[in-house]
Structures are given as C-alpha cells and as structure tokens.
Amino acid sequence: MNLKFKKKSYCFNLSAKVENSKATYLTKSGWIIKLKNNDKKIGFGEVAPLLTKDLKKCEEQLNMIPEYVELSNLSEQINIFHPCIQSAINSALAEINGKIIFKENYYFDEIDKTAMLLKPNNVISDLNEIKKTQSNIGKSLTIKWKVALKNNNVEEAILEEVLSQIDNNIKLRIDANGSWGRKMANRWADILKDNRNLDWLEQPLAADDIDGLKELNKKIPVALDESLLKFPNLIYEWKGWQIRRPSQEKNPDKLLRDLENKKALISISTSFETGIGRRWLYHLSSLQLHGPTPKVPGLAMNKFPNSFLFLNKAQKIWDQL
Ligand SMILES: [Mg+2]
C-alpha cells in the first residue's frame, strides 16, 4: 500500500499551569500527521511527547519520513523512532483500516466524567468548591491530588483534613510522580490502607523501584504511570492499576484491543493532546467505563484553551493549522 504522509506542527498555552513534583507544564508542542492511502482513505495521528527534551529528536525523525512512502517501508522505518511517532503513525493507520471508528460525541466535558486536579496551593479551598458542586449535581466525583510538592508534614496535615471532609461520594487519587522513598510511601499507605475513598496511590516510588512498588501494591492499590513509560513491557506483568497514555505508547491499537476485550485495572490519562489525539482518549475512556473496573479518566479538561485545536472534527483542525 502506498501512502502519502504530511505533518504540521502545533504549539498552545495551557489555560492554567499543571504542576507535579517533577515538572511544570505551561505550553504544549507537537505535530499532527496525516496519512492518505491509494483509495483516498485518511487517518490522522498526533505526535505529543510529554517531555520537551524529546521534541528535537521527534522533529529530526519526522523529517526523515518521505512524503510518498510504501506501508512496509514506513512500518520498518518507524520501528527505531521515538514511541510518540510510532503512536501517531499506528493511530493513523488504525483509522485508515477501520480498526477504530470514532463517535461524533463522547460527553467527557461533563464534570463528573473526568478526574478533577486539585491546585497544589489551594487543596482545601478547591475541595470545598468541589463539595458544593457535588451536592448540587448529586453525583459521585473524583479528585486527584499531586503530592511531594511541599514538606511532608504539611502534606500529611492536608491529607488529614481532606480525609475528614470527604464523604463516600468523592473518590481520591494521590499522585507522587515517583518522588517518595519506600519509608514515606509506607507511611501514606498505612494512613490510607483502609480508606474507602481512595482509588489508588499513583507512582508513589521511583519508576525503576519495581520491587518496592510490588510490595506496596500488596498493602494498598498502586497505579503505575512513569514506570510504564520507562518500561513498557510492564503492562504485561503489573497486577495492579495501570495509567495508560495512548499517545506515549508505540501502538495504541494494542490498548484499544485490551479494552475491547474488557481488560481490568486500566485508567486512561491525557498527555495534553489536541483534539486529534483526544479522539483516542475519549474512545478508550468510554470503552474503559464499560469494562469490569470502571473509573473516570484523567483528562485535565479544564486546562485547555478555547481554540480550533480542540474541535471534535480532525479534518477541521488540520485545515486550520
Ligand atoms: Mg501520574
């Protein structure tokens, strides 16, 4: 199969900064790619590296892909490329081949359909706002708190306050982004192990402390995030929750099939994609919600600017870019 390959770069400012213990995100850059086959079927993909240090490498590799390319050559060529490029090409091919058929609407912009990120400096006031919303709409909500940003004594005091203030209708995810040591992680696990509000502790230990993470997962639900990015084969072995980012995986088609086959303990997360990559996030998240362990995805919905980049029609985004 002959393919025509095109790419366009994008950059946008997040509407509010996103901060964790390892990085602060203010802007997002990447590329939209478009593949067209002999039958004029079109597939779009997005190259959306999470780390800005990977942008240069992605740019160099994208420039190596010719405008007209045979499918077998392309598949072989991208094997050694950055996972985000592989993800974009494989996503576009899945669309061309009809392996994924996007719906017109997915409704993840409703407040109870995605996890809400608490502002690290206003955890309690944010929580109070959310409690008001929760009692107004009468639905269960999920909050996510990025920790290891302040002194641990301060954060444990905040935790105590959070736990004393939430009822059964609020679910809690705590993300340390790999910044705790085993001792600290165990302290938090001891406080939280019988708590019914907790969804999971996310990446409590460094990405490569797999033994420590396995041990901790016996005590409390542990979700891997950075570990899966660093060691992608862990998706086959890890028995607990997995935070999955389709734009960072070499072939999101595999994730799609796992969710279609009702694989449990997977939660979908954004890497701040445009509307192109977001189609995958929405589609996979809606499959997840129909699986055996439904949990709202982490889509950071309130962090995106009002822009054509987030339209729900891929072709329109492409045309305006
Ligand atoms: Mg995380």
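Fair warning: this is a prediction, and the values are worked out from it, not measured in the lab.

Some points on the overall build of the protein chain
Then comes step 1: Counting its regular elements, the protein chain contains eleven helices and eleven strands.
Then comes step 2: Relative to the globule expectation of 20 Å for 321 residues, the C-alpha radius of gyration of the protein chain, 20 Å, shows essentially globular dimensions.
Then comes step 3: Based on the C-alpha atoms only, the size of the protein chain along its principal axes is roughly 60 × 45 × 35 Å.
Then comes step 4: The 321 residues of the protein chain split such that 39% are buried.
Then comes step 5: Contacts spanning at least 24 positions in sequence make up 67% of the contacts within the protein chain whose residues lie at least 6 apart.

Here's the deal with the nonpolar core
General note: in soluble globular proteins, nonpolar side chains tend to be found buried as a group.
Then comes step 1: One finds Ile33, Val47, Ile85, Ala92, Ile143 and Val222 to be the most contacted residues of the largest nonpolar core, which totals 69 residues.
Then comes step 2: The element that contributes the greatest number of residues to this core is helix H3 (residues 83-96), accounting for seven residues.
Then comes step 3: Looking at which domains feed residues into this core, each of domain 1 (2-102 + 314-320) and domain 2 (111-303) supplies at least three.
Then comes step 4: Once residues lying within four places of it in the same chain are set aside, the contact partners of Val47 are Gly30, Trp31, Ile33, Cys58, Leu62, Cys84, Ile85 and Ala88.

Regarding the sheet that holds strand E11 (residues 266-268)
Then comes step 1: Taken in spatial order, the seven strands make up an open sheet running E5-E6-E7-E8-E9-E10-E11, and their pairing is parallel. Each having just a single partner strand, strand E5 (116-117) and E11 make up the two edges of the open sheet.

Structural notes on unusual backbone geometry
Then comes step 1: Unusually for a residue other than glycine, Lys40 sits at a positive phi of about 65°.
Then comes step 2: With respect to the helices and strands, Lys40 occurs in the loop between strand E2 (24-37) and strand E3 (42-47).
Then comes step 3: Note on Lys40: 7 C-beta atoms within 10 Å, which makes it exposed.
Then comes step 4: Notably, Lys262 is not glycine yet its phi reads approximately 65°, a positive angle.
Then comes step 5: Locating Lys262 in the fold gives a position in the loop between helix H9 (252-260) and E11.
Then comes step 6: Taking the C-beta count within 10 Å as the criterion, Lys262 has 12 such neighbours and is therefore assigned exposed.

A short note on the pairing of strand E10 (residues 241-244)
The side chains of a regular strand alternate, residue by residue, between the two faces of the sheet.
Then comes step 1: Residues Trp241 and Ile243 of E10 are buried on one face, and the alternating residues Gln242 and Arg244, pointing to the opposite face, are buried as well.
Then comes step 2: Across three bridges, E10 lies against E11 in parallel orientation. Residue Gln242 lies in a different strand from E11, and its bridge partner there is Ile266.
Then comes step 3: Note on the crossover from E10 through H9 to E11: the handedness is right-handed.

As for the domain arrangement of the protein chain
Then comes step 1: Domain assignment breaks the protein chain into domain 1 (2-102 + 314-320) and domain 2 (111-303).
Then comes step 2: Across the contact, 28 residues belong to domain 1 and 30 residues belong to domain 2.
Then comes step 3: At seven residues, the largest contribution of residues to the side of domain 1 that touches domain 2 is made by H3.
Then comes step 4: Of the residues assigned to the side of domain 1 that touches domain 2, the class counts are 16 nonpolar, seven polar and five charged.

Looking at the sheet that holds strand E4 (residues 68-70)
Then comes step 1: With antiparallel pairing, four strands are arranged side by side in an open sheet as E3-E2-E1-E4. Of all strands in the sheet, those with a lone pairing partner are E3 and E4, marking the two edges. Taking each pair of neighbouring strands and ignoring which way they run, the sheet shows an average axis angle of 40°.
Then comes step 2: Note: E2 against E3, six bridges, orientation antiparallel. Paired with Leu35 across the bridge in E3 is Gly43.

The rules we used
Residues numbered from 1 in each chain as written. Predicted model: local features only at pLDDT ≥ 70, side-chain atom pairs only at ≥ 80, totals over all residues. Helix = DSSP H or I, 4+ residues; strand = E, 2+ residues; numbered from the N terminus. Rg over C-alpha atoms; globule rule 2.2 N^0.38 Å. Buried ≥ 20, exposed ≤ 12 C-beta atoms within 10 Å, placed from the backbone. Contact = placed C-beta atoms within 7 Å. Core = buried A, V, L, I, M, F, W, Y, C linked by C-beta atoms within 7 Å. Domains from an automatic or database assignment. Pairing = 2+ DSSP bridges. Right-handed = clockwise from strand over helix to strand, strands pointing away. Nonpolar A, V, L, I, M, F, W, Y, C, P; charged D, E, K, R; others polar. Axes fitted to C-alpha atoms, helices over the stretch in contact; angles between N-to-C directions.

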